[in-house]
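Geometric and topological summary
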Amino acid sequence: MGLLTLSSPHTHGPNSTSKVMATVILATLPGLAVITALFGWGTFINVLLASATAVASEAAILSIRKRPLAFFLKDNTALLTGALIGLALPPFAPFWITLVATAFAIVFAKQLYGGMGNNPFNPAMVGYALVLVSFPVQMTTSWALSTQMSGQATLGFADTLQVIFAGSASLADGFSGATPLDAYKHLIAKGTADSVLAEATFNGWLNGGWEWVNLAFLAGGLVLIWRRIISWHIPLAMLVSLSLCSLMLGWDEDMYTPLSLHLLSGATMLGAFFIATDPVSASTTPRGKLIYGAGIGILLYVIRTWGAYPDAVAFAVLLMNFAAPFIDAYTQPRTYGHAKAKRGLPPKQR
């Protein structure tokens, strides 16, 4: 009589894809709350619009592919992609920017490759990079000033809706401006650190309120590590390499952006804990994660310092997405019971 043999493990863990994605979304809420409190309602509206667009785009493509909607939509991956795009976009970005970025991310960067688990690049960053390159004016002139930077209350909810959907740019003129990273990079070329901080963009605050946003995302990221949703390797390697580059190459604040501005401005913490750690497009081996994260940190500093974009998280992540399979191939850990791991590409692929 033949015996039925089943491969281990025979027990199921408490986590599922939908629960993991929901936990990641919840971990972004502290950052979203701080952004809304300091910069106004723009990012909150963007997150809602991008999330709805992501789910609708996913449903449309699944219908075309004749896949069961409920089964795939309940994994919350589309919802997370929308939330990350909404958090990354400028608060006063026109609504069509959000629609284009999110729809492209879902349709072309995710579903075109076969859906969840098959995409080689981070979908949210593909969508963000597309609109950043295609619509540079809207993406660089739609950033809101914090209450610290402007010295006044933020734009109200109704007025923010009018700016985003009706294009009432005049309403946002007194509430928008360059980000600290962008302003410091361009102003320091013809001034000193003291003169730059005296500009209206900073209003005496080095990070202009962005430090609280980044600390909130840091807190959410630490929760993800504590819950074992992500590991510490990629965030730590990224932040350490970014810090080392800044300390060794940009120690003079009268010439280069200071370390505190690199760590606590822009999308640094959002990128380190929520974007770079994407389980599908990132490196998966322990040693590979360290190399992958370090590469993102180095590229982030290089592009911010000598490139044309003040905040380069999207480009740094996408470039390292290219390298992730190669890194994994050469950093395979030793298999239990074997003396040495088989590393590198198979002979036919070399």
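Along the protein, the regular secondary structure elements total 19 helices and zero strands. The C-alpha radius of gyration of the protein comes to 21 Å, within 12% of the 20 Å expected for a compact globule of 350 residues. For the C-alpha atoms alone, the extent of the protein along its principal axes is close to 85 × 50 × 35 Å. Per-residue burial over the protein gives 51% buried out of 350 residues. Across the protein, the fraction of contacts at a sequence separation of at least 24, relative to all contacts at a separation of at least 6, is 75%. A total accessible area of about 16900 Å² is found for the protein, and carbon and sulfur atoms account for 67% of it.

The next point concerns the layout of surface pockets. Within this model, the largest pocket holds a volume of roughly 540 Å³. Taken together, 30 residues line the largest pocket, and the ones lying closest to its centre are Met21, Thr277, Asp278, Pro279 and Val280. Across the lining of the largest pocket, the residue classes tally to 17 nonpolar, 10 polar and three charged. In this structure, the second largest pocket encloses a volume near 420 Å³. Breaking the lining of the second largest pocket down by element, the ones donating at least two residues are helix H5 (77–88), helix H7 (123–134), helix H8 (136–140), helix H12 (180–187), helix H14 (210–226), helix H17 (268–275) and helix H19 (313–329). Each residue belonging to the lining of the second largest pocket can be placed in one class, and the counts come to 21 nonpolar, four polar and two charged.

Before going further, it helps to examine the packing of aromatic side chains. By the definition in use, this model includes 13 aromatic pairs. Centre to centre, the rings of Phe121 and Phe322 are 4.8 Å apart; their planes meet at 65°, and the pair counts as edge-to-face. Of this pair, Phe121 sits in the loop between helix H6 (95–107) and H7 while Phe322 is found in helix H19, placing the two residues 201 residues apart along the sequence. On the basis of relative accessible area, Phe121 is assigned to the buried category, the value being 19%. Pairing Phe326 with Tyr330 gives two aromatic rings, centres 4.9 Å apart and planes at 45°, and the pair type is tilted. Given a relative accessible area of 48%, Phe326 falls into the partly exposed group. Judged by relative accessible area, which is 41%, Tyr330 ranks as partly exposed. In textbook terms, an aromatic cluster arises when at least three aromatic residues are bridged by ring pairs, as seen for Phe39, Trp143 and Trp210.

This brings us to H17. For H17, the tally of buried residues reaches eight of eight residues, placing the bulk of the element in the interior. Buried within H17 are the following residues: Thr268, Met269, Leu270, Gly271, Ala272, Phe273, Phe274 and Ile275.

This part covers the side chain of Arg304. Within the secondary structure, Arg304 sits in helix H18 (residues 286–306). Within the structure, Arg304 has its side chain in polar contact with the backbone oxygen of His262 (distance 3.0 Å). When residues no more than four places from it in sequence are discounted, the contact partners of Arg304 are Leu181, Lys185, Leu242, His262, Ser265, Ala267, Thr268, Tyr309, Pro310, Asp311, Ala312 and Val313.

Before going further, it helps to examine the nonpolar core. Of all hydrophobic cores here, the largest spans 74 residues; its most connected members are Tyr128, Phe274 and Tyr292. Per-element tally for this core: the top contributor is H19, with nine residues. Contact partners of Phe274, with chain neighbours within four places excluded, come to Val24, Ala27, Thr28, Leu84, Phe217, Gly220, Gly221, Leu224 and Met269. Counting residues in each nonpolar core, the second largest holds eight residues, with Leu181, Ala183, Ile188 and Phe202 among its members.

Because an α-helix packs 3.6 residues into every turn, residues spaced three or four apart end up facing the same way. Between its first and last C-alpha atoms helix H15 (residues 233–249) spans 24 Å; for 17 residues at 1.5 Å apiece the expected length is 24 Å, and the two agree. All buried positions along H15 are accounted for by His233, Ile234, Pro235, Ala237, Met238, Leu239, Ser241, Leu242, Ser243, Cys245 and Ser246. Residues of H15 that are buried make contact with helix H16 (259–264), H17 and H18.

Applying the stated criterion across every chain yields a total of one cavity of 30 Å³ or more. The space that makes up the largest cavity amounts to roughly 40 Å³. Leu181, Lys185, Thr257, His262, Arg304, Thr305 and Pro310 together form the lining of the largest cavity. The set of elements that each furnish at least two residues to the lining of the largest cavity consists of H12 and H18. Looking at side-chain class alone, the lining of the largest cavity contains two nonpolar, three polar and two charged residues.

With respect to the element layout, Asn214 can be found in helix H14. The class of Asn214 is buried, set by a relative accessible area of 1%. Within polar-contact distance, the side chain of Asn214 engages the backbone oxygen of Gly266 at 3.3 Å. Contact partners of Asn214, with chain neighbours within four places excluded, come to Leu263, Leu264, Ser265, Gly266, Ala267, Thr268 and Met269.

This brings us to the pattern of salt bridges. Should the charged atoms of two oppositely charged side chains come close, the side chains can pair. By the definition in use, this model includes two salt bridges. One salt bridge connects Arg304 with Asp311, and the closest N-O pair in it is separated by 2.9 Å. A relative accessible area of 3% means that Arg304 is categorised as buried. On the basis of relative accessible area, Asp311 is assigned to the buried category, the value being 19%.

About the cut-offs
Residues numbered from 1 in each chain as written. Predicted model: local features only at pLDDT ≥ 70, side-chain atom pairs only at ≥ 80, totals over all residues. Heavy atoms only, no water. Helix = DSSP H or I, 4+ residues; strand = E, 2+ residues; numbered from the N terminus. Rg over C-alpha atoms; globule rule 2.2 N^0.38 Å. Buried < 20%, exposed > 50% of the residue type's maximum accessible area, 1.4 Å probe, protein only. Contact = heavy atoms within 4.5 Å. Areas by Shrake-Rupley, 256 points an atom, 1.4 Å probe, with all protein chains shown as cover. 1 Å grid on protein atoms, 1.4 Å probe; cavity = no way out; pocket = protein on both sides within 12 Å on 5 of 7 lines; lining within 4 Å. Points joined across faces, edges and corners; volume = space filled by probe spheres on them. Nonpolar A, V, L, I, M, F, W, Y, C, P; charged D, E, K, R; others polar. Phe/Tyr/Trp six-rings, centres within 6.5 Å; stacked < 30°, edge-to-face > 60°. Polar contact = N/O pair within 3.5 Å; in protein donor to acceptor, adjacent residues only side chain to side chain. Core = buried A, V, L, I, M, F, W, Y, C linked by side-chain atoms within 4.5 Å. Expected span 1.5 Å × (residues − 1). Salt bridge = Lys/Arg side-chain N within 4 Å of Asp/Glu carboxyl O.

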